[in-house]
Amino acid sequence: MTFSRRKFFAIAGTTAVGTLMVSPMEGLLARQAFGRKFGKGYGPLVPDPNGLLDLPAGFQYRTFSLTGELMNDGTLVAGGHDGMAAFPGPRNTVILVRNHELSPGSATQVIGPRPYDPLCKGGTTNLVVGPNRQLIKHFTSLSGTYRNCAGGPTPWGSWITCEENISTVATNDPENPTNNVSTSHGYNFEVPASTTTPVKPEPLIAMGRFNHEAVAVDPKTGIVYETEDRGDSLFYRFIPKERGKLEKGGTLQALKFKNIFQAQTFAGFPKRKPMKVEWVTITDPNPPEDTVREEGFAKGAAQFARGEGIWYGNDEIYFCCTSGGALELGQVWRYIPAKETIELFVESTSAAELENPDNIVVSPYGDLILCEDGDDEQFLVGVTPKGELYQFARNAINDREFAGACFSPDGKTLFVNIQTPGITFAIWGPWTSHRD
């Protein structure tokens, strides 16, 4: 679906839009039109008269902080809306910290006074949202980084933003300087949710220099789990020297199946079969070239098919492998730190069921919400505790990915982005009406 610039700016500040009740036949026709399997969840998706976001009956949304809008710091909202997390703010507000997955050659830029690399256009913005789900202010919080894809919240009130790129000055192309850099990339950076001004970007070097995707922190231990967006990626954990002080360094390790040396998890693993794991230590977390995963694999670490979104919930950690599975349509893995076990939780058996999950969040209501990043229609896909799949939302604008799904601290609002043209949504409704 094309999306004109006129229509894009017409929806800026869109007020809440309620979906309509539909008859069983209308619901059936809607599902057939979307070409998707209907499972349990919140009921069939209702076509949005505004052509933005199809939701189940009773749910509403509001949009804000669109690409090109003027922010409170005088800069424009950059594009590439990606990973995001929600934090409690003062006076019942919610603070969102949002990534922008932008390269040096991108058309838009996160602008700040202290960029990490002046040649790079990625970074983060902070949004303050009121109790009525209206945007109060938004501003740059970090700039000058390369392809801030996802990341993750910490229990101490900050967002870890991850660079999905490992460029260095040595990799620059003098004949095609579009994406050249002035320093090394492939790091994580920390952004306090409470900041009111742009932070000075400080790379968390000990957490590794690789093609980062996302992180999740175990609040019981302070250990940070990290994913890597490569076809032969590893699954990492970072044990900080001091809890909550990632800048003080620590130990980087990669997951290894206890009884399988160099396991390749791309296909052929049974679902819901817990397997014991152990960890191998990475001795060179900051190599000049992209060799962290090579070191880990040589020591027996398991390979995963494009590790992407990751989230902690209910003492468990779930992460997506976007191209995992026999059909390369995606997997979700569950790691339980207390038991040191990992298991395949979900594997897509058709594009109609699930197509290339990326970002993930654990719902306060017990389900997972997956953001699709496939080739066709894009959905938010729910996963019940039993592993059953259902569609919760459909991108009615175009075929670009969902990203950054996260719930407000009170659990009443789901925030999510459509990466391009760059829109942030607040969604609310009858969350407790879930169909078991």
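Please read these numbers as outputs of a predicted model, since none were measured by experiment.

With that settled, the discussion passes to unusual backbone geometry. In this chain, Thr-420 is followed by Pro-421 through a cis amide linkage whose omega measures 20°. Topologically, Pro-421 is positioned in the loop between β26 (414-418) and β27 (423-428). For Asn-314, which is not glycine, the phi torsion reads 55° and is therefore positive. Tracing the backbone through its elements, the reader meets Asn-314 in the loop between β17 (307-313) and β18 (316-321). Among the residues examined, Asn-314 registers a relative accessible area of 60% and is labelled exposed.

The residue Met-71 is located in the loop between β4 (60-64) and β5 (81-88) in this model. For the pair Met-71 and Leu-127, spaced 56 residues apart in sequence, the C-alpha to C-alpha distance is 9.7 Å.

Within this structure, the stated rule accounts for 26 aromatic pairs. A centroid spacing of 6.1 Å and a plane angle of 15° characterise the contact between Tyr-225 and Phe-235, whose relative ring orientation is stacked. One end of the pair, Tyr-225, is in strand β13 (residues 224-228); the other, Phe-235, is in the loop between β13 and β14 (236-240), and ten residues separate them in sequence. When its relative accessible area of 1% is taken as the criterion, Phe-235 is described as buried. Geometrically, the ring pair formed by Phe-269 and Trp-333 is edge-to-face, given 5.8 Å between the ring centres and 70° between the ring planes. On the criterion of sequence distance, the pair formed by Phe-269 in the loop between β15 (250-257) and β16 (275-281) and Trp-333 in strand β19 (residues 331-336) is long-range, its members being 64 residues apart. Given the relative accessible area of 17%, Phe-269 is considered buried. Under the relative-accessibility criterion, Trp-333 is labelled buried at 0%. Feature note: the residues Tyr-225, Phe-235, Phe-257, Phe-269, Trp-279, Phe-304, Phe-319, Trp-333 and Tyr-335 constitute an aromatic cluster, connected by ring pairs.

This brings us to the nonpolar core. Judged by nonpolar contacts, the single largest core of 64 residues is most densely connected at Leu-96, Phe-392, Phe-415 and Ile-427. Look past the residues within four positions of Leu-96 in its chain and what remains in contact with it is Phe-64, Met-84, Ala-85, Ala-86, Thr-125, Asn-126, Leu-127, Val-129, Cys-406, Phe-415 and Thr-424. Counting residues in hydrophobic clusters, the runner-up holds 24 residues, among them Ala-263, Val-277, Trp-279 and Ile-317.

Rules used throughout
Residue positions within a chain follow its written sequence, with the count starting from 1. Totals for whole chains, interfaces and linings use all residues, but because this is a predicted model, local features are given only for residues with pLDDT of at least 70 and pairs of side-chain atoms are given and counted only at 80 or more. Heavy atoms from the whole structure form the basis of all side-chain values; hydrogens and water molecules are not counted. Starting at the N terminus, helices and strands are each numbered in turn, a helix being any DSSP run of H or I of at least four residues and a strand any DSSP run of E of at least two. For every residue, the accessible area (1.4 Å probe, protein chains only) is compared with the maximum for its type, and the residue is labelled buried under 20%, exposed over 50%, or partly exposed between those bounds. Pairing of aromatic rings covers Phe, Tyr and Trp, the last counted by its six-membered ring, and requires centre-to-centre distances within 6.5 Å; plane angles under 30 degrees mean stacked, over 60 mean edge-to-face, and any other angle means tilted. Residues grouped as a nonpolar core are buried Ala, Val, Leu, Ile, Met, Phe, Trp, Tyr and Cys residues, joined through side-chain atoms within 4.5 Å. The contact definition used throughout considers only heavy atoms, calling two residues in contact when any of these lie within 4.5 Å.

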